[in-house]
Structure formats: structure tokens, C-alpha cells
Amino acid sequence: DTAVSQTPKYLVTQMGNDKSIKCEQNLGHDTMYWYKQDSKKFLKIMFSYNNKELIINETVPNRFSPKSPDKAHLNLHINSLELGDSAVYFCASSQGWSSGNTIYFGEGSWLTVV
Amino acid sequence: DAKTTQPTSMDCAEGRAANLPCNHSTISGNEYVYWYRQIHSQGPQYIIHGLKNNETNEMASLIITEDRKSSTLILPHATLRDTAVYYCIVRVATGGGNKLTFGTGTQLKVEL
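Residues numbered from 1 in each chain as written. Chains lettered and ligands numbered in written order. Predicted model: local features only at pLDDT ≥ 70, side-chain atom pairs only at ≥ 80, totals over all residues. Heavy atoms only, no water.

Undergrad: In this structure, what is going on with the state of the cysteines? I would like to understand it.
TA: Simply put, disulfide is the name for a covalent bond between the sulfur atoms of two cysteines. Throughout the structure, instances matching the rule amount to two disulfides over all chains. Linked covalently through their sulfurs, C23(A) and C91(A) form a disulfide whose S-S length is 1.8 Å. Handedness here is read from the sign of the S-S torsion; for C23(A) and C91(A), about -80°, the answer is left-handed. A residue pair is termed long-range when its members are at least 10 positions apart, and C23(A) in strand β3 (residues 19-25) and C91(A) in strand β9 (residues 87-94) qualify at 68 residues. As far as burial versus exposure is concerned, C23(A) and C91(A) are alike and both buried. Paired through a disulfide, C22(B) and C88(B) show a sulfur-sulfur distance of 2.1 Å. In this structure, the disulfide formed by C22(B) and C88(B) twists by about -80° around the S-S bond and is classed as left-handed. Residue C22(B) is found in strand β2 (residues 18-23), and its partner C88(B) is found in strand β8 (residues 84-92); the two are separated by 66 residues along the sequence. (Disulfide = S-S within 2.5 Å. Helix = DSSP H or I, 4+ residues; strand = E, 2+ residues; numbered from the N terminus. Buried < 20%, exposed > 50% of the residue type's maximum accessible area, 1.4 Å probe, protein only.)

Right, dumping it as C-alpha cells:
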């Protein structure tokens, strides 16, 4: 069973569209994250949620809106997609939000904006 | 979190030990050393972490120098499937938000 699963794995869409990426973890963790890996392969945190509450927001444009219906799910909605949003988006989770908790990643969602 | 320095790339013959170095000369006493790897087209995978003592698990061993300014990740018998980018990350042990700051890592290539 996949511990952290994301859908879709691949997404190609036009500029200006709105799209969502879904994430679910079956590890019973309290904390979930979204990371972005750009074309230069740099991997950076975007958001962190703990028990459905926003903990970290790393200066991400407000076109990006995470939503956590419950602690096992953290979806990422992106409005008015731009070319620069093309990247790989990784969902992740950890037992708790304090540092020292190991973070486990999903397989990634490849977003291409054309 | 302290900054880390890793070689850009390394090669290793299959079946041999792969020793990946990491310098973290500004590490603080309350900071852990974490290792993750990212196989091509996959998500980052946790390998191991340690504070002061050497650590070993089913994947690898982590050797931390006595002054904690550097460490080495050892894959005892590297296989082709170990080809990946390996990230050394230093993180505070307690307090603060839980986030990983990834550098550029070391591209390990395991060859026949």
C-alpha cells in the first residue's frame, strides 16, 4: 500500500486554467506538506498543515490554495495557472509538526502548463 | 538550519561500498544530520538520521565525526538501484516548524 499517494501523476493544462492535485496519506500522521521541485531540481517547501491547520506558508502566491478536509488529506488548488507553475509537486506527511519528525514523500505530480 | 556542502557527483562500482561525504561545519549542538535520496522521477526517500552517534539501519550507515562538522553516508553494497541524488540536510532537533531545506545534493551513479 502506498503511504502517501497523489493524483494525478501527470497533468498538462493551458495557461489560465484552474487545477487541483489531491493527496492522501494512510500513515495516521497529523502533519502534511506540499513541496515544489522546479526545472532546476531545487526542492522547496510550500505549505505545511497540522491537524487541518496551516502551520507553514512559504510566501507562495495566493493563486495556490491548500485545503485539508481532514488530517489524512491535503489538496492543492491552483488558480489562473502560469507557465512558471510548471514543476513537480510533492505531497508529504509526518507524525507531528515539530522538527525531528521524519517526513515521508509521495511520488510526485508532474504539472506542465502550456 | 545549518548549511551543508556535498560533492556534485560520485561514481561507484556495483557491489562496492558507496561513501558519500557531507560537510556541515556550522552545525549547532541541537541539530540532527538527515539523509534523503531521490531516485529519478520519484519522491525523496528518507534514509537515516543521527545526532552524535553513528547510526545504522537496513539501508545505510551514518558516520558522524566527533566534532560533528562532517558526516559520511555509507551504502555498504551499492546496487544499480541506488543510483540517485543524495541529500544531506541539517535540522534542529526540537522546536520550530518541521521542514526540510534541500540543497543540490550528490548525484551517485552506480555502474557495473
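Undergrad: Explain the environment of N23(B) here, please?
TA: All names here are of chain B. By the secondary structure assignment, N23 is in strand β2. On the accessibility criterion, N23 (45% relative accessible area) is partly exposed. Taking the C-alpha atoms as reference points, N23 and K69, separated by 46 residues in sequence, lie 6.1 Å from one another. Residues in contact with N23, not counting those within four places in the same chain, are K3, T4, T5, K69 and S70. (Contact = heavy atoms within 4.5 Å.)

Undergrad: In this structure, what is going on with the pattern of salt bridges? I would like to understand it.
TA: Here the idea is simple: oppositely charged side chains can pair when their charged atoms come close. Counted under the stated rule, the structure contains five salt bridges over all chains. Across the pair R63(A) and D85(A) runs a salt bridge whose closest N-O atoms are separated by 2.8 Å. Placement of the pair is R63(A) in the loop between β6 (53-57) and β7 (64-70) and D85(A) in the loop between β8 (73-78) and β9, with a sequence separation of 22 residues. Comparing R63(A) with D85(A) shows no difference in burial state: the two are buried. Across the pair R37(B) and D82(B) runs a salt bridge whose closest N-O atoms are separated by 2.8 Å. Of the two residues, R37(B) sits in strand β3 (residues 31-38) while D82(B) sits in the loop between β7 (70-75) and β8, which places them 45 residues apart along the sequence. Comparing R37(B) with D82(B) shows no difference in burial state: the two are buried. By sharing partners, the salt bridges in this structure join R63(A), E82(A) and D85(A) into a single network. (Salt bridge = Lys/Arg side-chain N within 4 Å of Asp/Glu carboxyl O.)

Undergrad: In this structure, what is going on with the interface of chain B and chain A? I would like to understand it.
TA: Much of the literature gives interface size as the accessible area that the parts lose upon coming together. Facing 22 residues of chain B, the contacting portion of chain A comprises 24 residues. Together, N98(B), K99(B) and F102(B) form the three largest contributors to the area buried by chain B at its contact with chain A, with a combined 30%. Counting the contacts that link chain B with chain A gives zero salt bridges. At the boundary of chain B and chain A, one finds three residue pairs in polar contact (both at pLDDT 80 or more). Where the side of chain B that touches chain A is concerned, the elements lending two or more residues are β3, β4 (45-50) and β8 of chain B. Considering only residue class, the side of chain B that touches chain A consists of nine nonpolar, eleven polar and two charged. (Buried area = accessible area lost by both parts, 1.4 Å probe. Polar contact = N/O pair within 3.5 Å; in protein donor to acceptor, adjacent residues only side chain to side chain. Nonpolar A, V, L, I, M, F, W, Y, C, P; charged D, E, K, R; others polar.)

Undergrad: Please explain the layout of surface pockets as it appears in this structure.
TA: It is a probe the size of a water molecule, rolled over the atoms, that shows where empty space is left. Each pocket or cavity is described by its volume, and for the largest pocket that value is around 430 Å³. The wall of the largest pocket is formed by 25 residues, among which Q37(A), K41(A), Q38(B), H40(B) and V85(B) lie closest to the centre. Where the lining of the largest pocket is concerned, the elements lending two or more residues are β9 of chain A together with β8 and β9 (106-111) of chain B. Classifying every residue of the lining of the largest pocket gives nine nonpolar, 13 polar and three charged. Along the walls of the second largest pocket sit 17 residues, with K36(A), K44(A), I45(A), M46(A) and E58(A) positioned nearest its centre. (1 Å grid on protein atoms, 1.4 Å probe; cavity = no way out; pocket = protein on both sides within 12 Å on 5 of 7 lines; lining within 4 Å. Points joined across faces, edges and corners; volume = space filled by probe spheres on them.)

Undergrad: I tried to follow the sheet that holds β3(A) on my own but got confused; where do I start?
TA: Adjacent strands of a sheet pair through backbone hydrogen bonds, lying either parallel or antiparallel. Residues and elements named next belong to chain A. Pairing in this open sheet of four strands is antiparallel, and the strands run β1-β3-β8-β7 from one edge to the other. Of all strands in the sheet, those bounded by a partner on one side alone are β1 (4-7) and β7. With strand direction ignored, the average angle separating the axes of adjacent strands in the sheet is 20°. Of the strand pairs in this sheet, β1 and β3 are connected by four bridges, and their pairing is antiparallel. The residue bridging Q6 from the neighbouring strand is C23, located in β3. (Pairing = 2+ DSSP bridges. Axes fitted to C-alpha atoms, helices over the stretch in contact; angles between N-to-C directions.)

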